[in-house]
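As a plain string of letters, each chain reads:
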Amino acid sequence: MLSFALVVDGPADHEGDRNTLVPDLWLTAHADLDIPTLRQAAALPLPTAGEQFDQLVAAVVERIRGGLGAG
């Protein structure tokens, strides 16, 4: 959870205008690359920090449950 706070939540507080997964400037600078999946990802809105946190917690809980069931 600490890494989430440092890597996702903290920067989200300081980047109010960041709303895509891939910066447009990067895609423009690399127009010669054949990266259709990355270009599709660029069209998606960036999930909020809260949505990302919910997904992280769900993944951790699922991993723990899977480990408990395997024992």
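In the block above lies the structure referred to throughout.
Here we summarise the structure given alongside this text. Since this is a predicted model, take the numbers as computed values, not measurements.

Reading the values: the criteria
- Residues numbered from 1 in each chain as written.
- Predicted model: local features only at pLDDT ≥ 70, side-chain atom pairs only at ≥ 80, totals over all residues.
- Heavy atoms only, no water.
- Helix = DSSP H or I, 4+ residues; strand = E, 2+ residues; numbered from the N terminus.
- Buried < 20%, exposed > 50% of the residue type's maximum accessible area, 1.4 Å probe, protein only.
- Contact = heavy atoms within 4.5 Å.
- Areas by Shrake-Rupley, 256 points an atom, 1.4 Å probe, with all protein chains shown as cover.
- Polar contact = N/O pair within 3.5 Å; in protein donor to acceptor, adjacent residues only side chain to side chain.

A few words on the overall build of the protein. The number of helices and strands found in the protein is 4 helices and 0 strands. When its helices and strands are written in sequence order, the protein yields α-α-α-α. The buried share of the protein, taken over its 71 residues, is 10%. Here the contacts in the protein between residues at least 6 apart in sequence split such that 54% fall between residues at least 24 apart. When the accessible surface of the protein is split by element, carbon and sulfur atoms take 60% of a total near 5,700 Å².

Here we come to the environment of Arg 39. You can see Arg 39 is positioned in helix α3 (residues 36–42). The partly exposed category is assigned to Arg 39, whose relative accessible area is 31%. Sequence separation between Arg 39 and Val 22 is 17 residues, and the spatial gap between their C-alpha atoms is 7.9 Å. In contact with Arg 39, other than residues within four places in its own chain, are Leu 27, His 30, Ala 31 and Leu 33. One polar contact links the side chain of Arg 39 to the main-chain carbonyl oxygen of His 30, over a distance of 3.0 Å. At 3.5 Å, the side chain of Arg 39 and the backbone oxygen of Leu 33 are in polar contact.

So, on to the environment of Leu 33. Here Leu 33 lies in the loop between α2 (24–29) and α3. Overall, Leu 33 belongs to the partly exposed group, its relative accessible area being 36%.

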